[in-house]
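Chain by chain, the residues:
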Amino acid sequence: ELLSHAYSVFFTLVLVMGSVVLVLEEYYNTDGYFTIFSRVLSTIKRFLIDTFLGIIAGVIILGVLIGQHVVGSSSQALQLSAVIVTNTIYETLLMFLLGYGLVEYPRHLFVISSIESHLTRVYNRAAMDFKGISDASLNVSLVVSDVMKTKEQLSAYGDQRLNDAMQIMLTECPSEFRSSRMGKVATNKSGQVTIDSLAALRTRLNYAKDRYRMSQAKCEGTKLRAY
């Protein structure tokens, strides 16, 4: 009984950490608002919007299972059902990982044993990486252009709060992109620049910047393989 209770506690902690806490942390790190309180509210809102359909579908399925007496309505029965479902999902993922380890990884070792074949694969990977970094560079340059174009329009507002938010965004823009020629002003549906429209623009900037840095890192890794 003690081991069963300990397992239940650790299982619940792991489930909450993996399904809620870490997801909320990722949402918070990529959110575009400028204060802790507003970022927390925006994080919770985005999380609920993205998981709303899944939560509703899960509640409906659970209600049907309980109504058909497939699953008991007690807390222990619900916990057992959660354990069964999550273990099934994890074992399915583990099956694919084992398949990769038993089939694809030995095949990979066989291919890289030939220098010519391995170099050809590196060439193909380099071509894909250069295309990826080109797309990411274009994307982040367009977002930075939107930031610069929006900055030009803020002088007509005279709002210190908006100016402070813009200064934060300017410091976060990659230094290699500073043109506003292709940019669009970040406005709301009424055509006004607000703190919400700036936060949405900052969220786009965070995503584009992270994708650009990841593409650069992948390209550098491929260069090391080639040389």
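Residues numbered from 1 in each chain as written. Predicted model: local features only at pLDDT ≥ 70, side-chain atom pairs only at ≥ 80, totals over all residues. Heavy atoms only, no water.

K.L.:
Explain the packing of aromatic side chains here, please?
P.N.:
In this description, a pair of aromatic rings is defined by centroid distance and the angle of the planes. Counted according to the given criterion, the structure contains two aromatic pairs. Residue placement shows Arg39 over the ring face of Tyr28; its charged tip is 4.3 Å from the ring centre. (Phe/Tyr/Trp six-rings, centres within 6.5 Å; stacked < 30°, edge-to-face > 60°. Lys NZ or Arg CZ within 6 Å of the ring centre and 35° of its normal.)

K.L.:
Could you clarify how one ought to interpret the side chain of Arg39 in this entry?
P.N.:
Tracing the chain through its elements places Arg39 in helix 2 (residues 36-67). Within the buried core, Arg39 has no salt-bridge partner, and the shortest N-O distance to an opposite charge, that of Asp31, equals 4.7 Å. Within the structure, the side chain of Arg39 is placed 2.5 Å from the backbone oxygen of Tyr28, a separation counted as a polar contact. Excluding its chain neighbours within four sequence positions, the residues that come into contact with Arg39 are Tyr28, Asn29, Asp31, Tyr33 and Phe34. (Helix = DSSP H or I, 4+ residues; strand = E, 2+ residues; numbered from the N terminus. Buried < 20%, exposed > 50% of the residue type's maximum accessible area, 1.4 Å probe, protein only. Lys, Arg positive; Asp, Glu negative; His and termini not counted. Salt bridge = Lys/Arg side-chain N within 4 Å of Asp/Glu carboxyl O. Polar contact = N/O pair within 3.5 Å; in protein donor to acceptor, adjacent residues only side chain to side chain. Contact = heavy atoms within 4.5 Å.)

K.L.:
What should I look at first to understand the nonpolar core in this one?
P.N.:
Counting 26 residues, the largest nonpolar core has Phe34, Val144, Val147 and Leu198 as its most contacted members. When near neighbours in sequence (up to four residues on either side) are disregarded, Phe34 contacts Arg39, Ala165, Ile168, Met169, Ile195, Leu198, Ala199 and Arg202. (Core = buried A, V, L, I, M, F, W, Y, C linked by side-chain atoms within 4.5 Å.)

K.L.:
How do you make sense of the confidence of the model for the protein chain when you look at a structure like this?
P.N.:
The predicted coordinates should not be examined in detail at positions where pLDDT is low. This prediction gives the protein chain a mean pLDDT of 84; 98% of its residues lie at or above 70. Of all secondary-structure elements in the protein chain, the lowest mean pLDDT belongs to helix 3 (residues 75-112), at 77, while helix 5 (residues 160-172) reaches the highest, 91. (pLDDT = per-residue confidence, 0-100.)

K.L.:
It is not clear to me how the packing of helix 5 against helix 6 (residues 195-226) should be interpreted in this structure. Could you clarify?
P.N.:
Working note: a packed helix pair is described by the angle between its axes plus the distance between those axes. Where helix 5 meets helix 6, the closest approach of the two axes is 11 Å, and the angle between their N-to-C directions is 5 degrees. When the axis of helix 5 is compared with that of helix 6, the two are roughly parallel. Mapping the contact onto sequence places Arg161, Leu162, Ala165, Met166, Ile168, Met169 and Glu172 in helix 5 and Ile195, Leu198, Leu201, Arg202, Leu205, Asn206 and Lys209 in helix 6. Of the residues belonging to the contact of helix 5 with helix 6, the class tally is nine nonpolar, one polar and four charged. (Axes fitted to C-alpha atoms, helices over the stretch in contact; angles between N-to-C directions. Parallel < 35°, antiparallel > 145°, perpendicular 65-115°, else oblique. Nonpolar A, V, L, I, M, F, W, Y, C, P; charged D, E, K, R; others polar.)

K.L.:
Where do I start with the packing of helix 4 (residues 115-154) against helix 6 in this structure?
P.N.:
At a minimum axis separation of 8 Å, helix 4 and helix 6 run at an interaxial angle of 155 degrees. Regarding the angle of helix 4 to helix 6, the classification is roughly antiparallel. The two elements helix 4 and helix 6 meet at a crossing, and its hand is left-handed. (Left-handed = near helix turned anticlockwise from the far one by under 90°.)

K.L.:
What is the right way to look at helix 2 in this model?
P.N.:
One turn of an α-helix holds 3.6 residues; hence residues three or four places apart share an orientation. The end-to-end C-alpha separation of helix 2 is 43 Å, in line with the 46 Å expected for 32 residues at 1.5 Å each. In helix 2, a bend of some 50 degrees at Thr51 exceeds every other bend along the element. Along helix 2, the positions that sit buried rather than exposed are Ser38, Arg39, Ser42, Thr43 and Phe47. Against the buried residues of helix 2 lie helix 1 (2-30). (Expected span 1.5 Å × (residues − 1). Bend = angle between axes of the 7 residues up to and from the residue.)

K.L.:
What should I look at first to understand a positive patch on the surface in this one?
P.N.:
On the surface, a cluster of positive charge is contributed by Arg121, Arg125, Lys218 and Arg225. Within the secondary structure, Arg121 sits in helix 4. (Patch = residues over 30% accessible without salt bridge, like charges linked within 9 Å, V, L, I, M, F, W, Y side chains within 5 Å. Areas by Shrake-Rupley, 256 points an atom, 1.4 Å probe, with all protein chains shown as cover. Charge placed at Lys NZ, Arg CZ, Asp CG, Glu CD.)

K.L.:
Quick question: what am I supposed to make of helix 3 here?
P.N.:
End to end, helix 3 covers 53 Å across 38 residues, agreeing with the expected 56 Å (1.5 Å per residue, within 8%). Along its length, helix 3 shows its largest kink, about 35 degrees, at Gly101. All of the buried residues along helix 3 are Ala77, Val83, Thr86 and Val111. Where helix 3 is buried, its residues contact helix 1 and helix 4.

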